[in-house]
Amino acid sequence: MEDFLLFAVVGFLAQLVDGALGMAYGVISSTVLLAFGVPPAQASASAHAAELFTTAASGSAHLYHRNVDWKLFRRLIPFGVGGGMLGTFVLTSFEGDQVKPFVTAYLAVIGSWLLLRSFRRIPTNPVKLRIVAPLGAVAGFLDAAGGGGWGPVATTGLLGAGGQPRYVIGTVNATEFLIALSVSLSFLATIVTGHWEQAGETRNYFTSVSGLITGGVLAAPLAGWVVKALPENALLRLVGSLITLLAGYQTLELTGWL
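Reading the values: rules and limits
- Residues numbered from 1 in each chain as written.
- Predicted model: local features only at pLDDT ≥ 70, side-chain atom pairs only at ≥ 80, totals over all residues.
- Heavy atoms only, no water.
- Helix = DSSP H or I, 4+ residues; strand = E, 2+ residues; numbered from the N terminus.
- Buried < 20%, exposed > 50% of the residue type's maximum accessible area, 1.4 Å probe, protein only.
- Contact = heavy atoms within 4.5 Å.
- Expected span 1.5 Å × (residues − 1).
- Core = buried A, V, L, I, M, F, W, Y, C linked by side-chain atoms within 4.5 Å.
- Patch = residues over 30% accessible without salt bridge, like charges linked within 9 Å, V, L, I, M, F, W, Y side chains within 5 Å.
- Areas by Shrake-Rupley, 256 points an atom, 1.4 Å probe, with all protein chains shown as cover.
- Salt bridge = Lys/Arg side-chain N within 4 Å of Asp/Glu carboxyl O.
- UniProt positions renumbered as here; feature names shortened; annotations may be inferred.
- Axes fitted to C-alpha atoms, helices over the stretch in contact; angles between N-to-C directions.
- Parallel < 35°, antiparallel > 145°, perpendicular 65-115°, else oblique.
- Left-handed = near helix turned anticlockwise from the far one by under 90°.
- Nonpolar A, V, L, I, M, F, W, Y, C, P; charged D, E, K, R; others polar.

As recorded in an unreviewed UniProt entry, the protein chain goes by Probable membrane transporter protein and comes from Sinorhizobium terangae.

Spelled out as structure tokens, the structure:
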């Protein structure tokens with residue numbers, strides 16, 4: 001019960017951040033699971049299993065508050081699903097931590113750029129298809145391979161390209177359910193085909209996943225209101241600050257300071 005309550009609190013806070021800022025549920029959940037000794041592949045699979053429930057609740061909240069850009073939604077989905085399936089195969093074949101230095105560098109640059117941008121007039125230009133396609137594929141790949149990344153990569157990339165914060169965050173949250181579903185089905189396929197030999201260990205973390213689901217589902221409705229109520233400049237600054245902190249934490253972790 002103590003483990004369940006601990007992960008319920010983690011899930012609640014992670015989903016509150018994710019739903020309001022368009023990122024971090026997978027990253028926070030995976031980081032906590034890794035800290036408790038869960039191997040990278042099992043951590044990613046567990047986080048995505050939890051996301052099937054939390055993203056459904058979060059996406060529904062953003063739909064209710066009309067935070068979704070359907071044109072952007074349709075553009076993101078196919079590339080994100082393809083990237084996620086590829087990332088699952090890579091993670092279950094090699095060590096997923098190898099991509100962390102690249103993700104850290106990306107987050108540091110984008111986080112700093114968004115903080116700078118938040119003090120200027122925010123453009124609301126439509127995001128061009130040539131940006132959405134590779135961005136969705138990379139975000140899906142990193143989400144599966146790193147246990148989280150769809151929100152940080154997709155949200156920051158779209159905001160950096162001039163997307164309107166409210167609709168970028170709402171759309172990324174709405175698409176995340178289908179990304180989590182495709183990644184979870186890909187993990188299932190690796191189990192069925194025997195490609196992932198250590199898959200059996202995942203069932204040992206049922207209590208943790210249940211806590212993440214419960215906390216995340218409870219937080220989702222509140223997060224949908226927060227992203228609608230906060231001013232766009234404030235959202236950008238919160239997103240930029242979060243990304244920069246994540247990048248700093250991962251840098252310290254990679255260099256052995258933590």
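Student: Just to check I follow, could you spell out the overall build of the protein chain for this structure?
Tutor: Looking only at helices and strands, one finds ten helices and zero strands in the protein chain. The N-to-C order of helical and strand elements in the protein chain reads α-α-α-α-α-α-α-α-α-α. For the protein chain, buried positions account for 52% of its 258 residues. Intrachain contacts of the protein chain at a sequence separation of at least 6 include 85% that bridge at least 24 residues.

Student: Would you explain helix α6 (residues 129-146) in this entry?
Tutor: Because an α-helix packs 3.6 residues into every turn, residues spaced three or four apart end up facing the same way. Its 18 residues place the ends of α6 25 Å apart at the C-alpha level, agreeing with the 26 Å of an ideal helix rising 1.5 Å per residue. Where α6 is concerned, the buried positions are Val132, Ala133, Leu135, Gly136, Ala139, Gly140, Phe141, Leu142, Asp143, Ala144 and Ala145.

Student: I would appreciate a short explanation of the nonpolar core in the present structure.
Tutor: General note: in soluble globular proteins, nonpolar side chains tend to be found buried as a group. If you look at the biggest cluster of nonpolar residues, it comprises 31 residues, and the most contacted ones within it are Met23, Leu76, Trp150, Leu158, Val172, Val239 and Leu242. Mapped by element, the contributors of at least two residues to this core are α3 (40-64), α4 (70-91), α6, α7 (150-160), α8 (165-192) and α10 (232-254). A per-element tally of this core places α6 first, with seven residues. The residues contacting methionine 23, other than those within four sequence positions of it, are Val17, Asp18, Gly151, Pro152, Thr155, Thr156, Val239, Leu242 and Ile243. Listed in part, the 13 residues of the second largest apolar core include Phe7, Val38, Ala50 and Leu212.

Student: Sorry if this is basic, but what is going on with a nonpolar patch on the surface here?
Tutor: Judged by side-chain polarity, Val9, Phe12, Leu13, Leu218, Leu222 and Trp225 come together as a nonpolar surface patch covering roughly 590 Å² of accessible area. Elements with a contribution of two residues or more to the nonpolar patch: α1 (2-21) and α9 (206-229). Locating phenylalanine 12 in the fold gives a position in helix α1. By relative accessible area, which is 31% here, phenylalanine 12 ends up partly exposed.

Student: In this structure, what is going on with the UniProt feature "transmembrane region" (unreviewed entry) in the protein chain? I would like to understand it.
Tutor: Within the UniProt annotation, "transmembrane region" (unreviewed entry) is assigned to residues 76-93, 99-116, 174-193 and 205-227. Between the C-alpha atoms that bound residues 76-93 the distance is 26 Å, and the span itself is 89% helix and 0% strand. Across residues 174-193, helical content stands at 95% and strand content at 0%; the span's end C-alpha atoms are separated by 30 Å.

Student: Just to check I follow, could you spell out α7 for this structure?
Tutor: Within α7, ten of the eleven residues are buried, which leaves it mostly tucked inside the rest of the structure. In the stretch just after α7, glycine 162 is the one whose phi turns positive, near 105 degrees.

Student: Hey, could you run me through unusual backbone geometry in this one?
Tutor: Most peptide bonds are trans, and most residues other than glycine sit at a negative phi. One non-glycine residue, arginine 66, lies in positive phi territory at about 60 degrees. For arginine 66, the location among the structural elements is in the loop between α3 and α4.

Student: Looking at this model, I keep getting lost on the packing of helix α2 (residues 25-35) against α3. Mind explaining?
Tutor: What describes two packed helices is the angle between their axes and the distance between those same axes. Closest axis-to-axis distance for the α2/α3 pair is 9 Å, and the angle between their directions is 140 degrees. With respect to α3, the element α2 is oriented oblique. Crossing angle aside, the handedness with which α2 passes α3 is right-handed. Contacts between α2 and α3 pair Tyr25, Gly26, Ser29, Ser30, Leu33 and Leu34 from the former with Pro40, Ala43, Ser46, Ala47, Ala50, Glu51 and Thr54 from the latter. A per-class count over the contact of α2 with α3 returns seven nonpolar, five polar and one charged.

Student: I tried to follow the packing of α1 against α8 on my own but got confused; where do I start?
Tutor: Close contact between α1 and α8 brings their axes to 7 Å; oriented N to C, the two are set at 125 degrees. Between α1 and α8, the angle falls in the class oblique. The residues of α8 that touch α1, namely those facing Gln15, Asp18, Gly19, Ala20 and Leu21, are Ile169, Asn173 and Glu176. Tallied by class, residues from the contact of α1 with α8 come to three nonpolar, three polar and two charged.

Student: I keep staring at the environment of glycine 82 and nothing clicks. Help me out?
Tutor: Within the secondary structure, glycine 82 sits in helix α4. With a relative accessible area of 35%, glycine 82 lands in the partly exposed category. Glycine 82 sits 59 residues away from phenylalanine 141 along the chain, and the two C-alpha atoms are 7.9 Å apart.

Student: When you look at the environment of glycine 59 in this model, what are you seeing that I'm missing?
Tutor: With respect to the helices, strands and loops of the structure, glycine 59 is situated in helix α3. Exposure remark for glycine 59: the relative accessible area of 6% places this residue in the buried category. Sequence-wise, glycine 59 and phenylalanine 177 are 118 residues apart; in three dimensions their C-alpha atoms are separated by 7.3 Å. Ignoring sequence-local partners within four residues, the contact set of glycine 59 consists of Asn173 and Ala174.

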